[in-house]
Amino acid sequence: MFDGNRRLQVMGAFVFLFLGSAGVVYGAEGPAAPTGLRCEYLSNPMGVDVQKPRFSWVLHHTERAQMQTAYQILIAGSAEGLGRDAGDIWDSGKVESSDSTQVGYAGKGLSSGKKYYWKVRYWDTAGNASPYSAAAQFEMGLLSRDDWKGQWIEGNLLRKEFDLEGKIVRARAYVTALGYYELRINGEKVGRNVLDPAFTTYPKRVLYTTYDVTRRLRSGKNAFGAMLGGGWATLGRRFFDPEVGPYYKAPALLLQVNIEFEGGKTISVVSDGSWKATQGPIVSDSVYDGEVYDARREQPGWDQPGFDDSAWSAAQTAEGSTGVLSAQMMPPIRVVDSIVPRSISSPMPYVFVFDMGQNMSGWVQLRVQGPAGTRVTLRFAELVYPDGTINRENLGGAKSRDIYTLKGQGEETYEPRFTYHGFRYVEVTGFPGTPSLDSLRGRVVHTAVGAAGSFVASKQILNDIQRLIHWSQLTNLFSIPTDCDQRNERQGWMGDAQATAEEAMMNFDMAAFYTNFIRDIRDAQFPDGSLPDTVPRKYGGVPGDLGWQTAYPLLCWYMWQQYGDRRILEENYDALKKYVAFLRSHAQDNVYRLHWEGDWVELAHTPGDYIGDVWYYYDVSLFSKMAQVLGKSDEAASYGQLAGQIKDALNRAFFDAHTDNYANRTQTANAMALSLDLVPKEHREAVVRSLTDDIVYGHNTHLTTGFIGVKFLMPLLTSLGRSDLAYDLAVQTTYPSWGYMVERGATTLWELWQDKSGPGMNSHDHIMFGSVGAWFYNALGGINLDPESVGYQHIRIAPQIVEDLHWASASVDTIRGTVSSSWSHSPGSIAIDVTVPVSSDAQVVVPAEAQMTDVVIWEGGRVVWEDGRYVSGDPGVKAATQQGRIFTFQVGSGNYSFRLAGGE
Ligand code: BGC
């Protein structure tokens, strides 16, 4: 027992370092208005083409341990109607339910192109109603192919002039392209999206974007202008280039602008043969090679009414894509930041090299003044040679350069439209005079997903690695999850996608993005049920390696776990079943023997046959779990049985009971078997020993895995109670390790553990090793889903308080609200601050030091554990148990500050 003095000292020593805040201002006591209203994971989306959209909101309450016991949603056809609390489209009434996510629309049919206004309120545990939320909106897209009146038209520069009569009350542009477009109305670019639309399997599906253009149009003369680029649609096949050639010969535009006038009249202006076309200033464009732009060919006024287009020809109509036109329901690609170059050097006469200080994706904005016809060439690189010149050996077949020819009229500003580069350095040649730091700005471009998480810890190398993960993840989001951003790939390699999805979901708001990508995967599925290595398919094996194909079931499963997305499971169930049937048809005697990559970029080779079998087992058991979730218990049982047979076959083929090792004893081999619980019980401990011995004694606490193996290894070590060893690997700075990349000056994660810079495969911006980011949140931060729960309804806060770390702090904006966990440790005391969203609950695992005796635990100043017993009475804390040195508290929603102290 402590004496009073000691207790005071301990209390005083606790510093409230990490007080989180949900950013809600509470007025009165009780339930506050819901915030964070989303429709199909998006806030106020325009262009929703799901007939029964799903809604979610975040709850707030001034008291702890609060639940939503009921909700009411109102949806109105007008803002005024909603203001009067009239749910003329749908009034859910008071629905008794704790669901505040994935709530499906159940009103009357929603109409194409129509905008709806909604709000929600909830009732708390005591039956008190919250105020209504602020109003949110969603607008339906064009729901059927018949809504589309236009034709696909081809061309480089396109324009259309037209007259409008009457007062315009509403106008919507629905736009897409095979390739990329920039739409302009009356001289101005519409919207802030770049590299739009998303990369899809265009012949099957093209995504359109909806813009509110009401204020762009005017009564009288108007003009539309469109610039088109080939993007992924026309990307050709050369030596080293994609294995699948271009989808189309030329880029094409499909546009429809629906205009509503006062009095109710509506008209549509559409893309068709009445448009005019010409060759514009973009001489050539390619995602890999860059853009060639001749400003002398600009035609001022081309996108405004009154321009003389008599020299232009009629636009060619084209068959275009006959696939589905779907609304692009995910964050667009945008220029998200501007970077001032860090330095400029001139390694050779007339050659200038700008250092952005950060490996990034996007392009640069050039500011230049000089005589007409001057050609400035910008060449991009991730690396420089020792003499300061750029090293482009790792770009493969990508030319990655932009060439700008000046028009010679004062200061000119240029940035490309239809390409992007992965680079830290920019070489400028042909510049008239000497450039300054102000001659270039780095323009950071990627899919503009919002931040969802933060992780920071007292060990700097972890924060450095987290920064690399952050950059590599973002710079590899270009409407699909890509492998890299610099060489001639930038593909949706599915292995990379599955390896990093959990990390991405902790760091960023990924729900809409993966919803889209999962549909892309389904679109890319072959008739026999198999899947390609890349989606959309451009590169790679057919069928893909199992570690790549497995992205399909895994991403569906992660959507279920992280967001509670049952619809994803429902919608993909049949296609997943087909996929499993494909695997089965290639697995005589329950062994699957088609493989290519195995454990990619590994240091110790693990046989592909073995890895293939493990994935086969994993996929079948996951499918069985999905069947269970969907209530298909017969199928769940039969696939569960099949999984059991695969496991037996795998153990027969690959388990060596004499040495207690799998396959050829690599870290990957043993880690995969242990993670998936393949190991016969009586051998488990010995296999664990084989694995940890290999890490510690065999490799001096270093990894030998590729990116497949390491994803299993880190969480496995934590589940084995060896977070200390996982931590040692995480903070390792000698080769091979993440820290080694940091020490060698990396600003994004590498593709290889090795520091290479030659012509071979060695991208300096790959995200696949970033899977360790999920471990940062789960293990060091301690934020976990309860294994029996999805969507953060039941949470498990279990920070791994490892010796060398003094504190760590993590927070994730989950679908149910902010979950955070911050802890600090000093000899004799441990503090953990926790935030649990309303309607969720958590187990908070507070570990004592190994030698501690007489443990006392406080929460917010009240004793909750003393004399070996739980002390009740603290609001929100419902129960506590002790198992050895682990104390587990059951808490309801709210903010908590646990403090543990003990003697020796
Ligand atoms: C990509 C990888 C990918 C691999 C598979 C590489 O070229 O960059 O990230 O997963 O190929 O074959």
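Residues numbered from 1 in each chain as written. Predicted model: local features only at pLDDT ≥ 70, side-chain atom pairs only at ≥ 80, totals over all residues. Heavy atoms only, no water.

Undergrad: Would you explain the overall build of the chain in this entry?
TA: Along its length, the chain carries 16 helices and 49 strands. A compact globule built from 904 residues should have a C-alpha radius of gyration of about 29 Å, and the chain, at 29 Å, falls within 12% of that. With respect to the three principal axes, the spread of C-alpha positions in the chain is 90 × 70 × 60 Å. Each of the 904 residues in the chain was classed as buried or not, and the buried ones make up 61%. Taking the contacts inside the chain whose residues are at least 6 apart along the sequence as the reference set, 74% of them involve residues at least 24 apart. Surface accessibility of the chain: about 33,000 Å² in total, with carbon and sulfur atoms responsible for 47%. In the chain, the 82 positive side-chain charges and the 102 negative ones have mean positions that sit 5 Å from each other. (Helix = DSSP H or I, 4+ residues; strand = E, 2+ residues; numbered from the N terminus. Rg over C-alpha atoms; globule rule 2.2 N^0.38 Å. Buried < 20%, exposed > 50% of the residue type's maximum accessible area, 1.4 Å probe, protein only. Contact = heavy atoms within 4.5 Å. Areas by Shrake-Rupley, 256 points an atom, 1.4 Å probe, with all protein chains shown as cover. Lys, Arg positive; Asp, Glu negative; His and termini not counted. Charge placed at Lys NZ, Arg CZ, Asp CG, Glu CD.)

Undergrad: How do you make sense of the environment of T374 when you look at a structure like this?
TA: Relative to the helices and strands, T374 is located in the loop between β27 (351-368) and β28 (375-381). In this structure the C-alpha to C-alpha distance between T374 and M506, which are 132 residues apart in sequence, comes to 48 Å. Beyond its immediate stretch of four places on either side in the chain, T374 contacts Y404, T405, L406, G430 and P432.

Undergrad: How should I be thinking about unusual backbone geometry in this particular structure?
TA: Of note, the bond from D196 into P197 is cis; its omega dihedral lies within 30 degrees of zero at 0°. Assignment of secondary structure puts P197 in the loop between β14 (188-189) and β15 (205-212). Of note, the bond from V542 into P543 is cis; its omega dihedral lies within 30 degrees of zero at -5°. Structurally, the position occupied by P543 is in the loop between α5 (511-524) and α6 (546-549).

Undergrad: Help me understand the sheet that holds strand β48 (residues 886-891), please; the structure alone is not making it clear to me.
TA: Adjacent strands of a sheet form backbone hydrogen bonds with each other and so pair up, either parallel or antiparallel. As summarised here, the arrangement of the five strands in space is β38-β39-β43-β48-β47, forming an open sheet in which the pairing is mixed. Edge positions in the sheet fall to β38 (783-785) and β47 (877-883), since each of these pairs with one other strand and no more. Shown here is a sheet whose adjacent strand axes are inclined to one another by a mean of 20°, direction ignored. Inspection of the sheet shows β47 paired to β48 by six bridges, in the antiparallel sense. Directly across from A879, in β48, lies its bridge partner Q890. (Pairing = 2+ DSSP bridges. Axes fitted to C-alpha atoms, helices over the stretch in contact; angles between N-to-C directions.)

Undergrad: Explain the environment of F199 to me, please; I cannot follow it from the model alone.
TA: Considering the arrangement of structural elements, one finds F199 in the loop between β14 and β15. You can call F199 buried: its relative accessible area is 2%. Considering only alpha carbons, one finds F199 and V846, 647 residues apart in sequence, at a separation of 46 Å. Dropping the residues within four chain positions of it, F199 is found in contact with W232, Y247, S479, I480, Q491, D520, P536 and K538.

Undergrad: Looking at this structure, I do not really get the sheet that holds strand β44 (residues 853-859). What am I missing?
TA: The sheet built from eight strands is open, its strands ordered β35-β40-β41-β42-β49-β44-β45-β46 with antiparallel pairing. In this open sheet, the two edge strands, each paired with only one partner strand, are β35 (453-457) and β46 (869-870). In terms of strand pairing, β35 meets strand β40 (residues 807-814) through five bridges, oriented antiparallel. Considered in β40, the bridge of V456 is made with S809.

Undergrad: Looking at this structure, how should I read the site of the ligand?
TA: In the region of the ligand, the neighbouring residues are D483, R487, E489, W493, D496, W548, E597, W600, E751, H766 and M768. Here an oxygen atom of the ligand sits 2.7 Å away from a polar atom, N or O, in the side chain of R487. Burial of the ligand by the protein amounts to 94% of the accessible area it has alone, namely 310 Å². In the shell around the ligand, the residues fall into four nonpolar, one polar and six charged. (Near = heavy atom within 4 Å. Polar contact = N/O pair within 3.5 Å; in protein donor to acceptor, adjacent residues only side chain to side chain. Nonpolar A, V, L, I, M, F, W, Y, C, P; charged D, E, K, R; others polar.)

Undergrad: Mind showing me how you'd approach the pairing of β27 here?
TA: The two faces of the sheet receive side chains in turn, since in a regular strand these alternate between them. Within β27, 16 of the 18 residues are buried, leaving the element largely enclosed by the surrounding structure. With four bridges connecting them, strand β26 (residues 343-348) and β27 associate as antiparallel partners. Along β27, the bridge assignment pairs M348 with V351. Between the antiparallel neighbours β26 and β27 lie two residues, among them Y350 with a positive phi of about 65°. For β27 and strand β33 (residues 421-429), the ladder comprises eight bridges, and the chain directions are antiparallel. Within the sheet, the bridge partner assigned to F352 lies in β33 and is V428. Pairing of β27 with strand β34 (residues 440-447), which is carried by five bridges, proceeds in the antiparallel orientation. Looking at the pairing, V364 lines up with G442 of β34. In this structure, β27 lies alongside strand β32 (residues 412-414), joined through three bridges in antiparallel fashion. From the neighbouring strand, V368 faces β32, where its bridge partner is E412.

Undergrad: Help me understand helix α3 (residues 460-474) in this model?
TA: Because an α-helix completes one turn every 3.6 residues, residues spaced three or four positions apart along the sequence face the same direction. With 15 residues, α3 ought to run about 21 Å at 1.5 Å a step, and its terminal C-alpha atoms sit 21 Å apart, in line with that. Most of α3 is tucked away: eleven of the 15 residues are buried. Within α3 the residues assigned to the buried category are I461, L462, N463, D464, I465, Q466, L468, I469, S472, Q473 and L474. Packed against the buried residues of α3 are β34, β35, α4 (494-507), α14 (723-730), α15 (738-743) and α16 (772-781). (Expected span 1.5 Å × (residues − 1).)

Undergrad: How do you make sense of the pairing of strand β41 (residues 817-826) when you look at a structure like this?
TA: For β41, a buried count of seven out of ten residues is recorded, marking the element as mostly surrounded by other parts of the structure. Where β40 lies against β41, eight bridges are found, and the strand directions are antiparallel. Counterpart to S811 in the pairing with β41 is S820. In textbook terms, the turn of a hairpin is the stretch between consecutive antiparallel strands, and for β40 and β41 this stretch comprises two residues. Sheet topology note: the β41/strand β42 (residues 829-836) ladder contains seven bridges and is antiparallel. Residue S820 lies in a different strand from β42, and its bridge partner there is T835. In textbook terms, the turn of a hairpin is the stretch between consecutive antiparallel strands, and for β41 and β42 this stretch comprises two residues, one of which, G828, has a positive phi near 90°.

Undergrad: Any chance you could explain the packing of aromatic side chains here in plain terms?
TA: Here a ring pair, both rings aromatic, is described through the centre-centre distance and the interplanar angle of the planes. Per the stated rule, a full pass over the model turns up 44 aromatic pairs. Their ring planes at 25° and their centres at 6.1 Å tell us that F199 and Y202 sit as a pair that is stacked. Here F199 and Y202 have matching classes, each one buried. In this arrangement the basic side chain of K265 is found over the ring face of F261, its NZ or CZ atom lying 4.9 Å from the centre. Geometry around Y420 places R490 over its ring, the cationic atom sitting 5.0 Å from the centre. (Phe/Tyr/Trp six-rings, centres within 6.5 Å; stacked < 30°, edge-to-face > 60°. Lys NZ or Arg CZ within 6 Å of the ring centre and 35° of its normal.)

Undergrad: Hey, could you run me through α4 in this one?
TA: The first and last C-alpha atoms of α4 sit 19 Å apart over 14 residues, in line with the 20 Å expected at 1.5 Å per residue. A bend of about 50° at A501 is the largest found in α4. Within α4, 13 of the 14 residues are buried, which leaves the element mostly enclosed by the surrounding structure. (Bend = angle between axes of the 7 residues up to and from the residue.)

Undergrad: When you look at the nonpolar core in this model, what are you seeing that I'm missing?
TA: Burial of nonpolar side chains together is a common tendency in soluble globular proteins. If you look at the biggest cluster of nonpolar residues, it comprises 244 residues, and the most contacted ones within it are Y662 and F889. The dominant element in this core, judged by the number of residues it contributes, is helix α9 (residues 608-629), at 13 residues. Beyond its immediate stretch of four places on either side in the chain, F889 contacts A842, Q843, V844, V846, I857, V864, W865, V877, A879, A880 and F898. Residues L158, L228, F261 and V269 belong to the second largest nonpolar core, which totals 28 residues. (Core = buried A, V, L, I, M, F, W, Y, C linked by side-chain atoms within 4.5 Å.)

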